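# Fold and geometry: a report
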Amino acid sequence: MSEPADPRADDPLLKLLFICTHNRCRSILCEALARHLSAGRIAAFSAGSQPAGAVHPDTLFHLQKHGVDISGLRSESWDAYANLSPDAVITVCDSAAGEQCPLWLGRAVKVHWGLPDPSRFDGADEERAAAFDSVMATIERRLQRLLDRDLRTLKAGDALRLALEQIAQEGNDHGTV
């Protein structure tokens, strides 16, 4: 994915790779919101095991509606990041959580932040918008909980894994979609 706009992103404190099977909605939301909220402290990327090839149009619409930069967002395979060496790989859909991650992810911490897929919500436009808003609010809360911590102390695998797992469990806050 594209590099974060903040010049400090050349030396981020954490590199996170968000994974969802099709990399068209939830993982894209996570990537974009992490870049937006972290001011370069997190280098965020997203990918899928079976990428759809295009970001869902509602994903882009709702990110823009919330003032989040969408430049460079695209649906792509996790193979594109074989040389990334992320600190953590965060799966955001249940099917991706059960998949075997590529060997090149090596020592990266692997955790699951389950999120409902708002792009699959079948309802009126207002209800669909509410589904996107709910998922985006959950992602923002989780990322803010991460950013509220001293990221320098989380570079070590166990500390980072425990922090990310705790954040995912706090309130299990994604609501109903």
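Each remark here, short or long, concerns the structure printed above.
Residues numbered from 1 in each chain as written. Predicted model: local features only at pLDDT ≥ 70, side-chain atom pairs only at ≥ 80, totals over all residues. Heavy atoms only, no water.

## Some remarks on helix 2 (residues 57-65)
The condition that has to hold: For the exposure calls, accessible area comes from a 1.4 Å probe over protein chains only, and a residue counts as buried if that area is under 20% of its type's maximum, exposed if over 50%, partly exposed in between. Helical segments are the DSSP runs of H or I of at least four residues, strand segments are the runs of E of at least two, and each set is numbered from the N terminus. Note that the arc is computed from the directions linking the helix axis to the C-beta atoms.
Looking at helix 2, one finds that the buried residues are Thr 59, His 62 and Leu 63. Each buried residue of helix 2 lies within a common arc of 105° when the element is viewed along its axis, so the set occupies one face. Directly beyond the C-terminal end of helix 2, a positive phi value near 75° is found at Gly 67.

## Points about the packing of aromatic side chains
For clarity, the threshold we go by: Geometry of aromatic contacts follows a simple scheme: Phe, Tyr and Trp rings, the Trp one being its six-membered ring, pair when their centres are within 6.5 Å, and the pair is stacked under 30 degrees between planes, edge-to-face over 60, tilted otherwise.
Taken as a whole and judged by the stated rule, the model has 2 aromatic pairs. On the numbers, 6.4 Å between centres and 50° between planes, the contact of Phe 18 with Trp 113 is tilted. Taken together, the positions of Phe 18 in strand 1 (residues 14-19) and Trp 113 in the loop between strand 4 (109-112) and helix 4 (125-147) put the pair 95 residues apart, joining distant regions of the chain. Per residue, the accessibility class of Phe 18 equals that of Trp 113, and both read buried.

## Here's the deal with the pairing of strand 4
What counts, and what does not: Here the rule is simple: two strands pair whenever DSSP picks up at least two bridges between them.
Across the two faces of strand 4 the burial differs, with Val 109 and Val 111 buried and Lys 110 and His 112 not buried at all. In this sheet, strand 4 lies alongside strand 3 (residues 88-91) in parallel orientation, the contact comprising 4 bridges. Residue pairing for strand 4: Ile 90 is matched across the bridge by Val 111.

## Examining the sheet that holds strand 1
Where we set the bar: Here an axis means a line fitted to C-alpha atoms, over the contact stretch when the element is a helix, while the angle between two N-to-C directions is reported on a 0 to 180 degree scale. In what follows, residue pairs with any heavy atoms lying within 4.5 Å of each other are defined as contacts.
Taken in spatial order, the 4 strands line up as 2-1-3-4 in an open sheet, and their pairing is parallel. Pairing within the sheet leaves two strands with one partner each, and these edge strands are strand 2 (42-47) and strand 4. Here the average twist between neighbouring strands, direction ignored, is 20°. Across the face of the sheet, helix 1 (residues 26-38) comes into contact with strand 1 and strand 2 while running at roughly 170° to strand 2.

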